[in-house]
Amino acid sequence: MKLSLNWLKQYVDLDDLEVKQIANELTMKTAEVEEIHHLAPRMDGIVVAKVEKITSLGDSGNLASVHLGSDEERLTVCAAPNLRPGMFSIFAPSGTILTDGSKVEETVRHGHTSQGILLSPFELGISQYHDGIMDLPADLLPGTPLSRLLPGEDYIIELDNKSITHRPDLWGHYGFARELAAIFERPLKNLVLWDLNTSQHLPLYPLQIDNMELCPGYACIALDNLTPSPSPLSVQWRLYAAGMRSINLLVDLTNYVMLETGQPMHAFDGDYITSVRVAPLARDGAEFTTLDGMKRKMLASDLMIWNQQEPVGVAGVMGGLHSEVTSDTGRILLEAANFQPMTIRRTAVRLNLRTDASIRFEKDLPKSFTTLSIARFLRLCAEAGQTPVLRSRLTCAGAVTDPETVISIPSDYISRYVGENVSGPLIKKILTSLGFTCQEENEMFRVSVPPHRSRRDISIKQDIVEEVARFYGYDNIIPRLPDAAITSYTFNEEHRAEHKLRRFLSQAQGLCEVHGYSWYDDRWLTELDCNLSGPFLTLQNPTSPDKSKLRQSLIPGLLQCIRQNYDKRQEIKLYELGHCYWPENDDGSRERTFLAAVLFQAGDAEITEELFRTAKAIFEDCLRILNVPDFNYQIMDTTLNSWALAASALTVHRAEINIGSAGYLTGPILKAFKKNANIAWLEMDLTALTGTAFPEINYKPQSDFPISWLDISIMFPKAASFKMLETRLDNFRHELVMSREFISFYEGKNLDGDMRSYTFRYVIGSFQRTLTTKDIEEFRTLLLKYLHKNKLELRA
Amino acid sequence: METIKDNLLKELAKADTWEAVEKIRVAFLGRQGIITNLNKNVDMRAMNTDTRKAWGRNFNTLKTWAEDAVAAAKANAKITVKANVDLTLPPAPSSLGSVHPISLVQIEIEQIFQGMGFTVGSGIHVESEYYNFSALNIPDDHPAREMQDTFWLTNGQVLRTHTSNMQVRMLQNYGAPLKAIFPGRCFRYEAVDASHENTFYQVEGIMVDHNISIANLIAIMRELLSSVFHQNITVRLRPGYFPFVEPGFELDCQCLICKGHGCKTCKNSGWIELLPCGMIHPKVLAEGKINPDEYTGFAFGLGLTRLAMMKYNIPEIRLFNSGEIDFLKQFVPAIA
């Protein structure tokens, strides 16, 4: 939304204020000012010119002689499509410096000397529009310096549209003038209106609304005796300043009124249209040509304006081409309507046609703006030198006034809500300056809301608090910490658990925390030879069709990170803490927080086993940190997916509940990675793991006597698994054994290829006495005898 | 005894290494040392009480004197250092990994609020239209509900567009009074570029009690930001519109770079727009089964992703979910 400072000054005296101050006050009290532009076209030497004779130069435009008053004439080569003999425009003779700093040079084109140029709004420096030359009314004197016709400068205050989305009254200059009058405590001048009561004796215009929900109100009036003309320069200046363009007087005035009041208007060609009906299109697929010349595919639900059986406008969005007001229209039907915001928005979004009108209708405009705008249009029409003749009464259907809203507020409510003592007289003063009326009785304020503030904007007492507080000044509110009683604090154990894991993994284990997207990437899954069956939660509008499934594991994302980063590295350790998602019933979902880690190391395939042991250690330590002591492993006996094949992964259980799994990559999935990649992974369901925040430890005393130990290395077939060896050793029991620790294993040189040598340490001791050499010797003998009996061979 | 003293001094004068002094100590004060032996070789029983006492005194004086002399010599003696340890070698590989920058700011924010007694809540990502929009007074025709802003699931649910989805859930679960924050991941259907992501993080906060006021909101926000940026922060409120608060505000903080004088970062305004906040709309309180005539409250939403960008000077939002280790490794897991 662009505001012209000159325009605002028409309604409120701001002459003594700096534009920066005005913008700052608007930002602090009303809506965010995004930018201020200075509009100051260079006008030295530029004059009004009348185009006399035109000679065509074929494809390269026309040679025009322009009259500059007295006997002065100049020749100019001009390619503007709107050039026509007799028109008034503005002329910059050669030698003139234009707003952008360029100099108009005398040039020879097609054998003709061009002694200057006729200017477009862009060249004049007041607009981006560059598709034609300025077109002025014929009541000007050729040769008049432009500087006598235009204000030398203006400031354009550009507002953030989001900050006024709830304020339909702020979609016009007059609404902002009202705010500024309240901010600077100055009087607000009235909008000068045409007295519509003069039309009472005329017939009604044939008007019908079929659907009052979609079109709650509609006002129109038929006008005659209009003289086609371009708009006065002052009107054009303001339209261009506000970012619009000038078409012709009648169209310009509808836009001008919209920029003043916020109410979009439309003028139909009065010769074309004979009655008005507002109704949905009621059939799909019909084509409609809007006045920009585009053919639009319409839907049955689109609200249209009809002339008899023919649609002549897309309600609230854009008029139709056939009923358009052109440069020779002398009769119009002028309308100002009120539409349901949602229906306008839906159509505009679908047609990709967010017009100045539709943007305003989406805000739920006050109904009283309809007749107000018609009265304002007529007044401006007269000011522009027109003598319109009314052909109909002001004709209204539906509601064109707003119901009165009264809000009651306890007298001390505002002060309590703000946290600052705001006095009754100040409250009244602020509300009155904004157009509210306010009466205090029995410790209550009775505030009635003016019609220009819509139902959506002001409906409850907190809305009134806002009005008072923003004018009281948010800066004047002294920050105060709330009074609070001491209460016990409940920690969120879920968050605490996550942070504990972060500390462990990032600080102690050297892993790098990663964030991945919440959806699978199907193309990557295909590369992983992974065909997941679901069911999944699925996005209706994914960023791309192969990213529609919400993830149920963090592993694929982490694997993708590995591949993306492994060219520069020998070793990568990553983890992610994130949500995974499942559908539940038809319209529900279930979410769980997972922890997953992936370890990568480049090297021979043999190192995978050691890498997996690391993953398993991380898994177990995580469980210890979470104070989840009891769990057991099972070798996965069915293939879950390409990274968790049967026998390549363990599942971890706690009291029959699966709490996670860990494994290594093998088989087809490895094709997605380079040859020397070794990858192990682990994933656990934190939602299933509810441990205490702090450990419950029961200290076990140590023996006061010295302990001793004995290391033995046992040969065992590799294929038979460590677990089996361990089970056999478990059956050896002796009172002196305090613990048995696995130290390491060895394979390779000097060993049978299928065998491994496992080294264990038996820690022996007693709580009652110091062991003697004899005790130790006896233990050793018994152990060796047991091993021999169980065919467990010692390493030589 | 005097001879012993002289001898000890002579010996010590010759010794210039710690080992040499240690040898002397053993020779004089060791178990078989000259001084130690003095005492052993004397027949105490042959002495009368006074002589014995005098002998004892002298012996102890000598011993103490000798110990001091040796200690002084040791303090001055050179200690030979084995030259085969190169102290200039780099340290062994660090066992520190890294923590995601979002986690870093999230943990910091959580601790600041825990210090003020705020509960920390968790949040779900897949949400019903009701909790994400309707419960928050966002009307049916609000543009945010349209496909170009929101990820919709085929089952009619949405990926939450803000952490505000938890407001009504928290109010329903815990009732009033309540002070809580709830950080987490949010989603917007948006084209990804240097400053837009479809997946980002926010932290939402609410406080509901008797007589919670705008003045309270400003004070808490000032505490928060001063803690986050480790300096006193000047904040200002200006009007902002969000359907679930009334009134709604944009909270700006004075530009940390130019201290409010105007610079490139703050686009010469002296202020940085930081977070939307406001007084919880009575309809939202009512949806949370809280009586708006009895309780008032404030709510705010802080973009954690944006905060991380500000705090760590990260110019490109896409880095957060990029999985680029070179980026992630910079975030030392220094978590308190």
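Analysis parameters
Chains are numbered independently. Their residues run from 1 in the order of the written sequence. Following the order in which they are written, the chains are lettered starting with A and the ligands numbered starting with 1. Given that the model is predicted, a residue must reach a pLDDT of at least 70 before its local features are reported, and side-chain atom pairs must reach 80 or more before they are shown or counted; all residues, however, enter totals for whole chains, interfaces and linings. Starting at the N terminus, helices and strands are each numbered in turn, a helix being any DSSP run of H or I of at least four residues and a strand any DSSP run of E of at least two. Note that the radius of gyration is over C-alpha atoms, with the globule rule given as 2.2 Å times the number of residues to the power 0.38. Here a residue counts as buried when 20 or more other C-beta atoms sit within 10 Å of its C-beta, as exposed when there are 12 or fewer, and as partly exposed otherwise, the C-beta atoms being derived from the backbone. Residue-level confidence of the predictor is what pLDDT reports, using numbers from 0 through 100. To count as a nonpolar core, a set of buried Ala, Val, Leu, Ile, Met, Phe, Trp, Tyr and Cys residues must be joined through C-beta atoms within 7 Å. This entry defines residue contacts through backbone-placed C-beta atoms, with two residues in contact when those atoms are within 7 Å. Only when DSSP finds a minimum of two bridges between them are two strands counted as paired. Angles run from 0 to 180 degrees between N-to-C directions of axes, and those axes are lines fitted to C-alpha atoms, restricted for helices to the stretch in contact. Domain borders in the structure are assigned automatically or taken from a domain database. To estimate how far a helix should extend, the number of its residues minus one is multiplied by 1.5 Å. The residue classification treats Ala, Val, Leu, Ile, Met, Phe, Trp, Tyr, Cys and Pro as nonpolar and Asp, Glu, Lys and Arg as charged. All others, Gly included, are polar. Orientation is classified from the angle alone, with under 35 degrees giving roughly parallel, over 145 giving roughly antiparallel, 65 to 115 giving roughly perpendicular, and any other angle giving oblique. When the near helix sits turned anticlockwise from the far one by under a right angle, the crossing is termed left-handed; a clockwise turn instead gives a right-handed crossing.

1. Focus on the overall build of chain A
1) Next: Across its full length, chain A holds 18 helices and 36 strands.
2) Next: What you see for chain A is a C-alpha radius of gyration of 42 Å, clearly larger than the 28 Å of a compact globule of 796 residues, by over 25%.
3) Next: Oriented by its inertia axes, the alpha-carbon framework of chain A measures out at about 135 × 85 × 55 Å.
4) Next: Residue burial in chain A is summarised as follows: out of 796 residues, 42% are buried.

2. Brief notes about the confidence of the model for chain A
1) Next: For chain A, per-residue confidence averages 93 on the pLDDT scale, and residues scoring 70 or more make up 100% of the total.
2) Next: Here strand β7 (residues 107–109) of chain A is the element of chain A with the lowest mean pLDDT, 84, and strand β26 (residues 512–513) of chain A is the one with the highest, 98.

3. Observations concerning the nonpolar core
1) Next: Counting 278 residues, the largest nonpolar core has Ala597 and Val598 of chain A as its most contacted members.
2) Next: Contacts of Val598 of chain A, omitting those with residues within four sequence positions, involve Ile555, Leu558, Leu559, Ile562, Leu574, Ile679 and Trp681 of chain A.
3) Next: Grouped together as the second largest cluster of nonpolar side chains are 9 residues, Val21, Ile24, Ile35 and Val70 of chain B included.

4. Comments concerning the sheet that holds strand β31 (residues 657–664) of chain A
Residue and element names in this part refer to chain A.
1) Next: A sheet is described by the order of its strands in space; here 7 strands give the open sequence β26-β27-β28-β32-β31-β30-β29, paired in mixed fashion. Only two strands of the sheet have a single partner each, and these edge strands are β26 and β29 (632–635).
2) Next: In this structure, strand β28 (residues 588–602) lies alongside strand β32 (residues 677–685), joined through 9 bridges in antiparallel fashion. The partner of Gln601 across the bridge, within β32, is Asn678.
3) Next: Helix α13 (residues 493–508) rests against β26, β27 (571–584) and β28 of the sheet, and its axis sits at about 155 degrees to β27.

5. Some thoughts on the domain arrangement of chain B
1) Next: Annotation of chain B at the domain level lists domain 1 (2–76) and domain 2 (101–328).
2) Next: One C-alpha centre belongs to domain 1 of chain B, the other to domain 2 of chain B; they are set 78 Å apart.

6. What to know about the pairing of strand β17 (residues 303–307) of chain A
Moving residue by residue along a regular strand, the side chains alternate between the two faces of the sheet.
All names here are of chain A.
1) Next: Of all the 5 residues making up β17, 4 are buried; the element is thus mostly covered by neighbouring parts of the structure.
2) Next: Pairing geometry for strand β14 (residues 276–280) and β17, over 4 bridges, is antiparallel. By the bridge assignment, Ala279 is partnered in β17 with Met304.
3) Next: Judged from the 4 bridges that link them, β17 and strand β18 (residues 310–314) form a sheet pairing that is antiparallel. For Met304, the partnering residue across the bridge sits in β18 and is Val314.
4) Next: The hairpin turn running from β17 into β18, its antiparallel successor, is 2 residues long, and Gln308 in that turn takes a positive phi close to 55 degrees.

7. Describing helix α18 (residues 773–789) of chain A
1) Next: Taking 1.5 Å per residue as the helical rise, α18 of chain A with its 17 residues ought to reach 24 Å, and the 24 Å between its terminal C-alpha atoms agrees with that figure.
2) Next: Following α18 of chain A by one or two positions, Lys791 of chain A has its phi on the positive side, about 55 degrees.

8. Overview of the interface of chain B and chain A
1) Next: Taken together, the contact pairs 61 residues of chain B with 73 residues of chain A.
2) Next: Elements with a minimum of two residues in the side of chain B that touches chain A: α5 (101–115), β1 (119–120), β5 (199–209), α8 (214–229), β6 (235–240), β7 (245–254) and α11 (325–328) of chain B.
3) Next: For the side of chain B that touches chain A, the element with the most residues is α8 of chain B, which contributes 7 residues.
4) Next: When its residues are assigned to classes, the side of chain B that touches chain A shows 30 nonpolar, 23 polar and 8 charged.

9. Quick word on the packing of α13 of chain A against helix α16 (residues 607–625) of chain A
The relative placement of two packed helices comes down to the angle between their axes together with the axis-to-axis distance.
Residue and element names in this part refer to chain A.
1) Next: The N-to-C vectors of α13 and α16 enclose an angle of 140 degrees; their axes lie 10 Å apart at closest approach. Taken together, α13 and α16 sit at an angle that is classed as oblique. Relative to α16, α13 is oriented so that their crossing is right-handed. Counted together, Lys500, Leu501 and Phe504 of α13 and Asp621, Cys622 and Ile625 of α16 form the full contact between these two elements.
2) Next: Of the residues assigned to the contact of α13 with α16, the class counts are 4 nonpolar, no polar and 2 charged.

10. Topic: the sheet that holds strand β1 (residues 2–4) of chain A
All names here are of chain A.
1) Next: Strand order in this open sheet of 3 strands is β1-β10-β2, and the pairing throughout is antiparallel. Each having just a single partner strand, β1 and β2 (33–39) make up the two edges of the open sheet. Along the sheet, successive strands turn relative to each other by an average axial angle of 25 degrees, direction set aside.
2) Next: Pairing of β1 with strand β10 (residues 154–159), which is carried by 3 bridges, proceeds in the antiparallel orientation. By the bridge assignment for β10, Ser4 is matched with Ile156.
3) Next: Contacts between helix α2 (residues 19–29) and the sheet are confined to β2 and β10, with β2 contributing the most and set at about 160 degrees to the helix.

11. Here's the deal with the packing of helix α1 (residues 2–14) of chain B against helix α4 (residues 49–76) of chain B
Residue and element names in this part refer to chain B.
1) Next: In the contact formed by α1 and α4, the axes pass within 11 Å of each other and the chain directions differ by 5 degrees. Taken together, α1 and α4 sit at an angle that is classed as roughly parallel. Residues Ile4, Leu8 and Leu12 of α1 lie in contact with α4, whose contacting residues are Leu62, Ala66, Ala69 and Ala73.
2) Next: Considering only residue class, the contact of α1 with α4 consists of 7 nonpolar, no polar and no charged.

12. So, the environment of Met207 of chain B
1) Next: Residue position: Met207 of chain B is located in strand β5.
2) Next: By C-beta crowding, Met207 of chain B is classed as buried, having 25 other C-beta atoms within 10 Å.
3) Next: Once the C-alpha coordinates of Met207 of chain B and Ile220 of chain B are considered, the two residues, 13 residues apart in sequence, prove to be 9.9 Å apart.
4) Next: If near-sequence neighbours (up to four positions away) are discounted, Met207 of chain B is found in contact with Pro482 of chain A together with Lys179, Ile212, Ile220, Gly297 and Phe298 of chain B.

13. Some words on the confidence of the model for chain B
Keep in mind that low pLDDT regions are not for reading the predicted coordinates in detail.
1) Next: On average, residues of chain B carry a pLDDT of 91, and 100% of them reach 70 or more.
2) Next: In the predicted assembly, ipTM is 0.88 and pTM is 0.87.

14. Thoughts on unusual backbone geometry
All names here are of chain B.
1) Next: Omega for the peptide link from Ala176 to Pro177 comes to -5 degrees, which places this bond in the cis form.
2) Next: Here Pro177 lies in the loop between α7 (165–174) and β4 (178–187).
3) Next: The omega torsion of the bond from Glu246 to Pro247 falls at -5 degrees, within 30 degrees of zero and hence cis.
4) Next: Within the secondary structure, Pro247 is located in strand β7.
5) Next: Backbone geometry at Asn268 places phi at a positive 65 degrees, although glycine is not the residue there.
6) Next: Mapped onto the fold, Asn268 is located in the loop between β7 and β8 (271–280).
7) Next: In this structure, Lys289 is a non-glycine residue whose phi angle is positive, near 65 degrees.
8) Next: Here Lys289 is to be found in the loop between α9 (282–287) and β9 (296–303).
9) Next: Here Lys289 falls in the exposed class, since 12 other C-beta atoms lie within 10 Å of it.

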